[in-house]
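The lines below spell out each chain.
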Amino acid sequence: MPAFAWSTADRPTNEAAAIAEQERLRPLVRPYGPAPSPDPGVASGSGATPDDRLIAGVDVAYDEERDLVVAAAVVLDLDTLAVVEQTTAVDRVAFPYIPGLLAFRELPAVLGALGRLARTPGTVVCDGYGLAHPRRLGLASHLGVLTGLRTIGVAKTPFTFDHHEPDAPRGSWSPLTDPATGEEVGRAVRTRAGVKPVFVSVGHRIGLTEAVDTTLALARRYRLPETTRHADSLCRRTLAGLQRGTPTN
DNA sequence: GCGACAG
DNA sequence: ATCTTGTCGC
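The rules behind the values
Each chain carries its own residue numbering, running from 1 in the direction its sequence is written. To label them, take the chains in the order written and letter them from A, then take the ligands in the order written and number them from 1. It should be noted that, the model being predicted, local features are given only for residues of pLDDT at least 70 and side-chain atom pairs only at 80 or more, the latter also being counted only at that level, while totals for whole chains, interfaces and linings use all residues. Processing note: side-chain calculations cover all non-hydrogen atoms of the structure and skip hydrogens and water entirely. Salt bridge, as applied in this entry: a Lys or Arg side-chain nitrogen positioned within 4 Å of an Asp or Glu carboxyl oxygen. Helix numbers and strand numbers start at the N terminus; a helix is a DSSP run of H or I with at least 4 residues, a strand a run of E with at least 2. Relative accessibility under 20% of the residue-type maximum defines a buried residue, over 50% an exposed one, and the middle range a partly exposed one, all with a 1.4 Å probe and only protein chains included. One heavy atom within 4 Å of a molecule or strand is enough for the residue carrying it to be called near that molecule or strand. Two N or O atoms count as a polar contact when they lie within 3.5 Å, although within protein this holds only if one can serve as hydrogen donor and the other as acceptor, and sequence-adjacent residues are included solely when both atoms are side-chain atoms. Residues were grouped as follows: Ala, Val, Leu, Ile, Met, Phe, Trp, Tyr, Cys and Pro as nonpolar; Asp, Glu, Lys and Arg as charged; and all remaining residues, including Gly, as polar. We call two strands paired when DSSP finds no fewer than two bridges between them. Interaxial angle, 0 to 180 degrees, is taken between N-to-C directions of lines fitted to C-alpha atoms, where a helix line uses only the stretch in contact. A contact between two residues is defined here by any heavy atoms of the two lying within 4.5 Å.

### Description of the pattern of salt bridges
The final tally for this structure, using the stated rule, is 15 salt bridges. Between aspartate 52 and arginine 150 there is a salt bridge whose closest N-O contact spans 3.0 Å. Note that aspartate 52 is positioned in strand β1 (residues 51-63) and arginine 150 in strand β5 (residues 150-155), a separation of 98 residues in sequence. Residue classification places aspartate 52 among the partly exposed residues on the basis of a relative accessible area of 24%. Its relative accessible area of 4% is what places arginine 150 among the buried residues.

### Focus: the protein's contact with DNA strand C
Close contacts around DNA strand C come from Ala61, Tyr62, Lys156 and Arg236, and that covers them all. A distance of 3.2 Å separates a phosphate oxygen of DNA strand C from a polar side-chain atom of lysine 156. Looking at the surface near DNA strand C residue by residue, the classes come out as two nonpolar, no polar and two charged.

### Quick word on the protein's contact with DNA strand B
Near DNA strand B lie 18 residues; those nearest to it are Tyr97, Gly100, Leu102, Lys156 and Thr157. For DNA strand B, the fraction of atoms within 4 Å of the protein that belong to sugar or phosphate moieties is 50%. Leucine 101 places a polar main-chain atom, nitrogen or oxygen, 3.3 Å from a base nitrogen of DNA strand B. At a separation of 3.2 Å, a base nitrogen of DNA strand B approaches a polar backbone atom of leucine 102. At three residues, helix α2 (residues 102-115) tops the list of elements feeding residues into the surface near DNA strand B.

### Quick notes on the sheet that holds strand β6 (residues 173-177)
Spatially, the eight strands line up as an open sheet ordered β3-β2-β1-β4-β5-β8-β7-β6, and their pairing is mixed. Two strands close off the open sheet at either side, each with one partner strand: β3 (83-92) and β6. Across the sheet, the mean angle separating the axes of adjacent strands is 25° when strand polarity is ignored. Taken together, the five bridges between β6 and strand β7 (residues 184-189) define a ladder with antiparallel strand orientation. Looking at β7, one finds that leucine 176 is bridged to glycine 186. Helix α5 (residues 226-243) contacts β1, β2 (68-77), β3 and β4 (121-127) of the sheet and is inclined by roughly 40° relative to β1.

Below is the structure:
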């Protein structure tokens, strides 16, 4: 997909600037829209036009010692869940881990990996939150606003939000609420019977129900979406290769 | 001030 | 995220 560099010069350097940037982008999020449809019709060649039959997963791995972040983007066919393409990108860790400001730490590298893809996926699944965020701009929403793509956030822990255990059957869910406002910011979704739920929230250009449906379609055999599993595996293997002096690819 | 806190 | 051993179960 078209490269979208987040120039070092434009990245917030401190916490206050980062929060101000989130406040600025926050109103640009569109928390509604359809789920990607598997067979819309014509394939969008191999260019800049987003292809709704393609869904990507992104994730990162760190080497704190050397201040490195390795991001991976893996594109799957929404119908078969087969891997269509995958890329990686290495960047310097330029922001500390601060709950609520994860995007500034991970997105630069993620954008680098996405920019190396030949095709443009219609949807991107992130490892983390979207609207379920103190300022309603978690990394999934932030990535959506920056790229204009439909995004979904699938996190592994409830962060600072409240929820009740969903019923045991796969597909069951319960609302994830913001203790401060009481509003539903996401849903705890049971992707596997009796297994700890995942926390789904809207990223950009999709509704909550649609985001949950998409997540369930991607997580049939395992708790986490196939997109996330592939991206996680790839960035970890790539980081291990770097630490060993093995060429990347 | 203290504790909690996506990855 | 990452650090870490063995262990229970499909």
